[in-house]
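# Observations on the three-dimensional arrangement
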Amino acid sequence: MRLAVVGTGYVGLVSGVCLAARDHDVTCVDINPSIVSRLNAGEPTIYEKGLPELLERVIQAGRFRATTKLHEALDTTDLVLISVGTPSENGVIDLRYVLGIAREIGEYIRDHDRHISVVVKSTVVPGTTDTAVRKAIEEASGKGPESFGLGMNPEFLREGEAIEDFAYPDRIVLGHEDPQTLARLEELYAPWAVDKVRVNTRTAELIKYANNALLATQISAINEIANLAAALGGIDVMDVVKGVHLDKRWNPITENGRAAPAILAYLVPGCGFGGSCFPKDVQALRSQGVQQGLPMRMMNAVLDVNDLQPAQVTDIVAREIGDLRGKRVVVLGLAFKPNTDDVRESASLKIVRALLDQGADVSAHDPIAVDHFRRAFGDDAAKVKFVEDWQAAARAAEVVIVATSWADYKPLAELGLADTVLFDARRMFRPAQFESSRYLTIGRRVA
Ligand SMILES: NC(=O)C1=CN([C@@H]2O[C@H](COP(=O)(O)OP(=O)(O)OC[C@H]3O[C@@H](n4cnc5c(N)ncnc54)[C@H](O)[C@@H]3O)[C@@H](O)[C@H]2O)C=CC1
Ligand SMILES: O=C(O)[C@H]1O[C@H](OP(=O)(O)OP(=O)(O)OC[C@H]2O[C@@H](n3ccc(=O)[nH]c3=O)[C@H](O)[C@@H]2O)[C@H](O)[C@@H](O)[C@@H]1O
């Protein structure tokens with residue numbers, strides 16, 4: 001079927017390309033002309049593995065194109081997915097981009113007598129699609145609710161695994177307010193033989209928030225337990241995690257009834273969660289609850305624990321070696337997680353800031369996120385030495401902090417850095433790999 005996707009960030013571009021790869025005819029719309037021309041030239045505008053090949057394939061097949069003109073895209077479709085950003089403004093969701101698009105679509109509907117389904121794919125707080133989006137379209141079109149369709153189809157992909165996650169989702173949520181929109185969504189996702197959840201739009205919206213909020217809760221909970229394990233001493237929290245994880249309520253069960261290989265999903269303790277979504281979505285949910293008169297104590301706690309977690313790194317290092325003033329420290333990993341160049345809310349921003357504040361001589365490395373980090377860090381980025389050769393920097397440093405678990409850093413264990421303090425802030429190594437070094441981490445105190 002033919003569809004338009006508005007907003008070509010991580011969600012819009014990956015959705016557009018993956019839907020085109022399943023034989024749909026996709027027009028992606030973005031306000032940014034440089035994004036549009038790069039996409040039409042087959043050049044991905046975000047870093048995501050597998051994307052360059054897939055983009056080239058769908059362009060060659062004539063099933064994918066980009067434009068800045070929303071109305072042109074609407075001329076050839078009766079289904080539009082809105083996937084623009086929904087940033088946080090002081091902890092409250094900012095709907096201006098979603099509503100701006102809704103109004104533009106409304107103006108198109110005013111001038112055309114066709115039934116179009118407007119489906120929100122961006123993460124929006126429960127009640128947005130059936131109230132604010134509906135109102136924006138009605139006001140701009142001057143037409144009633146029967147003249148257009150409304151849907152909400154949340155996205156669960158992870159950055160760095162986006163293509164794989166879109167191609168093999170655990171389920172697809174088909175939020176809808178009218179049968180025609182449901183039928184169109186069914187057709188769109190017909191190639192996916194997975195569980196489909198058919199609900200109204202506000203339920204779809206809460207499913208998305210509940211999913212992110214519960215994953216974030218699990219991370220903050222294990223981080224708090226990790227901090228306790230370290231305070232008590234004589235416990236490695238990874239042994240605790242493994243013991244807990246064998247409980248099948250945490251561990252997916254395979255068809256033969258046995259536990260799947262241990263994927264410690266959202267139970268790996270570390271220096272806190274970052275990214276463009278967990279922090280913003282938990283804040284947005286908290287604000288919505290507070291507006292409803294609820295105390296939202298859990299969401300407060302999840303955010304409080306997470307805010308303080310990066311400081312564990314510098315606190316523990318300072319306890320081991322004393323004053324950090326003048327100490328040569330290298331931070332490995334600046335992205336909020338591996339396989340992405342995204343540094344939004346990355347724990348590394350706070351770790352580097354704390355190191356500079358304490359007077360350390362800071363070097364940093366990331367395979368692909370240095371430019372984004374520089375921009376996000378502002379003027380003080382000039383105080384950080386960004387290095388190309390991380391192994392040389394690690395050899396020259398007194399302290400090495402692994403802040404993002406890029407596979408590139410695995411050889412660290414073979415460098416034989418006997419006198420260096422190694423801080424594994426993502427539990428990517430086993431302590432035994434560093435028997436002869438000073439290995440420090442979250443959730444394990446060296447006596
Ligand atoms: N990044 C992720 O991994 C995930 C994000 N989400 C949600 O999806 C939504 C989009 O997120 P991202 O893709 O990360 O955003 P993004 O910020 O990467 O991309 C948004 C895109 O929309 C474009 N845009 C803004 N205003 C526009 C307009 N008026 N017309 C056309 N294009 C316009 C921007 O130029 C940009 O390319 C958010 O609500 C987010 O919470 C959901 C699941 C995963
Ligand atoms: O709504 C969104 O945008 C997306 O948010 C997350 O995806 P993402 O932010 O890309 O990354 P994750 O892999 O979930 O990691 C988020 C953060 O949690 C941290 N994390 C993750 C897992 C863990 O066990 N411990 C831990 O500290 C990671 O280091 C990272 O900083 C969700 O996993 C996606 O399902 C969702 O679609």
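Nothing here was measured: the structure is a model prediction, and the numbers come from that model.

What follows concerns the UniProt feature "binding site: NAD(+)" (unreviewed entry) in the protein. As recorded in UniProt, the feature "binding site: NAD(+)" (unreviewed entry) lies at Asp30, Thr86, Thr123, Glu159, Lys280 and Arg344. Spatial dispersion of the annotated residues is evident: they stretch over 315 residues in sequence, and the largest pairwise C-alpha distance comes to 22.6 Å. Topologically, Thr86 is positioned in the loop between strand 4 (79-82) and strand 5 (88-89). Note on Thr86: relative accessible area 6%, which makes it buried.

Taking strand neighbours across the sheet as the criterion, the eight strands line up as 3-2-1-4-7-8-9-10 in an open arrangement whose pairing is mixed. The open sheet terminates on both sides in strands that have one partner only, identified here as strand 3 (64-67) and strand 10 (195-199). Between one strand axis and the next, the sheet turns by 25° as a mean value, whatever way the strands run. With three bridges joining them, strand 1 (residues 2-6) and strand 4 adopt parallel strand pairing. Looking across to strand 4, one finds that Val6 is bridged to Ile82. Running over the sheet, helix 9 (residues 201-232) touches strand 8 (148-152), strand 9 (171-176) and strand 10 and is turned about 145° from strand 9.

Let us now look at the domain arrangement of the protein. Domain boundaries assigned for the protein yield domain 1 (2-199) and domain 2 (211-441). Using only C-alpha atoms to locate each centre, domain 1 and domain 2 end up separated by 33 Å. Taken together, the contact pairs 18 residues of domain 1 with 18 residues of domain 2. Carbon and sulfur atoms supply 47% of the area that domain 1 and domain 2 bury against each other, a total of about 1,400 Å² over both sides. Summed over the three residues of domain 1 that lose the most area to domain 2, namely Tyr47, Gly91 and Glu159, the buried surface amounts to 37% of that side. Put simply, domain 1 and domain 2 have one salt bridge between them. Among the ionic pairs, Arg344 bridges to Glu159, the shortest N-O distance being 3.8 Å. Across the domain 1-domain 2 interface, the total number found is nine residue pairs in polar contact (both at pLDDT 80 or more). Split into classes, the residues belonging to the side of domain 1 that touches domain 2 amount to eight nonpolar, five polar and five charged.

This part covers the pairing of strand 12 (residues 361-365). Counting buried positions over the five residues of strand 12 gives four, a clear majority of the element. As paired strands, strand 11 (residues 328-332) and strand 12 are joined by five bridges and run parallel to one another. Its bridge partner being in strand 12, Val329 is matched across the sheet by Val362. When strand 12 meets strand 13 (residues 385-386), the two strands line up parallel, connected through two bridges. Residue pairing in the sheet places Ala364 in a bridge with Phe386 of strand 13.

It is worth spelling out the pattern of salt bridges at this point. Across all of its chains, the model carries 27 salt bridges by this definition. Here Asp281 and Lys280 are joined by a salt bridge, their closest N and O atoms 2.9 Å apart. Given the relative accessible area of 3%, Asp281 is considered buried. The closest approach of N and O atoms between Arg325 and Asp323, which form a salt bridge, is 3.9 Å. With respect to burial, Arg325 and Asp323 carry one shared label: exposed.

In this section: a nonpolar patch on the surface. Where nonpolar side chains cluster on the molecular surface, the patch consists of Ile225, Leu228, Leu232, Ile235, Val240, Val244 and Trp250 and spans about 590 Å² of accessible area. Where the nonpolar patch is concerned, the elements lending two or more residues are helix 9 and helix 10 (237-245). Counting residues per element, the nonpolar patch draws most heavily on helix 9, at three residues. On the secondary structure map, Trp250 appears in the loop between helix 10 and helix 11 (278-291). Residue classification places Trp250 among the partly exposed positions, given a relative accessible area of 41%.

A few words on the packing of aromatic side chains. Considering all chains together, one arrives at nine aromatic pairs under this definition. With 5.6 Å between their ring centres and 65° between their planes, Tyr189 and Trp192 make a pair best called edge-to-face. Judged by its relative accessible area of 4%, Trp192 falls in the buried class. Ring geometry for Phe373 against Phe386: centres 6.0 Å apart, planes inclined by 65°, an arrangement best described as edge-to-face. Of the two residues, Phe373 sits in helix 14 (residues 370-377) while Phe386 sits in strand 13, which places them 13 residues apart along the sequence.

Take the site of ligand 2 next. Around ligand 2, the surrounding shell holds 19 residues, and the nearest of these are Phe156, Leu157, Lys208, Tyr266 and Cys277. Take Phe336: an N or O atom from its main chain is 3.0 Å from an oxygen atom of ligand 2. Bound to the protein, ligand 2 loses 88% of the 710 Å² it would expose on its own. Counting residues per element, the ones that place at least two in the shell around ligand 2 are helix 9 and helix 11. Among the elements that line the shell around ligand 2, the one with the most residues is helix 9, at three residues. For the shell around ligand 2, a count of residues per class yields ten nonpolar, two polar and seven charged. Per-domain counts for the shell around ligand 2 show at least three residues from each of domain 1 (2-199) and domain 2 (211-441).

Moving on to the sheet that holds strand 16 (residues 438-441). Hydrogen bonds along the backbone pair up the strands of a sheet, which may run parallel or antiparallel. The parallel open sheet is built from six strands, whose spatial order is 13-12-11-14-15-16. Among the strands making up the open sheet, the edge pair consists of strand 13 and strand 16. Bridging between strand 14 (residues 399-402) and strand 15 (residues 421-424) involves four bridges; their strand directions are parallel. Bridged to Val399 within strand 15 is Val421. Contacts from helix 12 (residues 297-321) reach strand 14, strand 15 and strand 16 within the one sheet, and its direction differs from that of strand 16 by about 150°.

How each quantity is defined
Residues numbered from 1 in each chain as written. Chains lettered and ligands numbered in written order. Predicted model: local features only at pLDDT ≥ 70, side-chain atom pairs only at ≥ 80, totals over all residues. Heavy atoms only, no water. UniProt positions renumbered as here; feature names shortened; annotations may be inferred. Helix = DSSP H or I, 4+ residues; strand = E, 2+ residues; numbered from the N terminus. Buried < 20%, exposed > 50% of the residue type's maximum accessible area, 1.4 Å probe, protein only. Pairing = 2+ DSSP bridges. Axes fitted to C-alpha atoms, helices over the stretch in contact; angles between N-to-C directions. Contact = heavy atoms within 4.5 Å. Domains from an automatic or database assignment. Buried area = accessible area lost by both parts, 1.4 Å probe. Salt bridge = Lys/Arg side-chain N within 4 Å of Asp/Glu carboxyl O. Polar contact = N/O pair within 3.5 Å; in protein donor to acceptor, adjacent residues only side chain to side chain. Nonpolar A, V, L, I, M, F, W, Y, C, P; charged D, E, K, R; others polar. Patch = residues over 30% accessible without salt bridge, like charges linked within 9 Å, V, L, I, M, F, W, Y side chains within 5 Å. Areas by Shrake-Rupley, 256 points an atom, 1.4 Å probe, with all protein chains shown as cover. Phe/Tyr/Trp six-rings, centres within 6.5 Å; stacked < 30°, edge-to-face > 60°. Near = heavy atom within 4 Å.

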